[in-house]
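# Reading the structure
Chain residues, written in single-letter form:
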Amino acid sequence: QVQLVESGGGLVQPGGSLRLSCTASGSISSMYVMAWYRQAPGKERELVARIFGGGNTNYADPVKDRFTISRDNAKNTVYLQMNSLKPEDTAVYYCYALQLGPRDYWGQGTQVSVSS
């Protein structure tokens, strides 16, 4: 059983930046993919970005060129660098991990609020 713990959320003004971290209780090197999802009030949870074990990344269109996902296997941590934040980025952000098997894991979420 792997636990994922997110941190780094908060309140930021439009145009600002935040970096989210997701630290796993176990090794992430065995994870097939790690990802960030978000869920805004009244909306479905949506994929924001994902990174595969080989390093390939995918981004949702609304965040391309503004967000960057990365992973540090030595620290068992995945990051989401968010720049040029917009009010529509306001949501609870969740960390997700998938092991081949398959078995998946979710974090508890961290709130990101973008407002002036």
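Look above for the structure.
Conventions and cut-offs
Residues numbered from 1 in each chain as written. Predicted model: local features only at pLDDT ≥ 70, side-chain atom pairs only at ≥ 80, totals over all residues. Heavy atoms only, no water. Helix = DSSP H or I, 4+ residues; strand = E, 2+ residues; numbered from the N terminus. Rg over C-alpha atoms; globule rule 2.2 N^0.38 Å. Buried < 20%, exposed > 50% of the residue type's maximum accessible area, 1.4 Å probe, protein only. Contact = heavy atoms within 4.5 Å. Areas by Shrake-Rupley, 256 points an atom, 1.4 Å probe, with all protein chains shown as cover. Lys, Arg positive; Asp, Glu negative; His and termini not counted. Charge placed at Lys NZ, Arg CZ, Asp CG, Glu CD. Disulfide = S-S within 2.5 Å.

This brings us to the overall build of the chain. Each helix and strand counted, the chain has 0 helices and 11 strands in total. When the helices and strands of the chain are read in sequence order from the N terminus, they spell out β-β-β-β-β-β-β-β-β-β-β. In summary, the chain has a C-alpha radius of gyration of 13 Å against a globular reference of 13 Å for 116 residues, a match within 12%. The 116 residues of the chain split such that 42% are buried. Put simply, of all contacts in the chain between residues at least 6 apart along the chain, 53% involve residues at least 24 apart. Taken as a whole, the chain presents about 6100 Å² of accessible surface, with 45% of it coming from carbon and sulfur. Looking at the chain, you have 11 positive and 9 negative side-chain charges, and the mean spots of the two groups are 4 Å apart.

Okay, the state of the cysteines next. A covalent bond between the sulfur atoms of two cysteines is what we call a disulfide. Counting across every chain of the model gives 1 disulfide. Note on cysteine connectivity: C22 is disulfide-linked to C95, with sulfurs 2.0 Å apart. The sign of the -80 degrees torsion about the S-S bond sets the C22-C95 disulfide as left-handed. One end of the pair, C22, is in strand β3 (residues 18-24); the other, C95, is in strand β9 (residues 91-99), with 73 residues separating them in the sequence.

This part covers the side chain of D89. Along the chain, D89 turns up in the loop between β8 (77-82) and β9. Sequence-distant contacts of D89, defined by excluding residues within four places in its chain, comprise R38, R66, F67, S84, V112 and V114.

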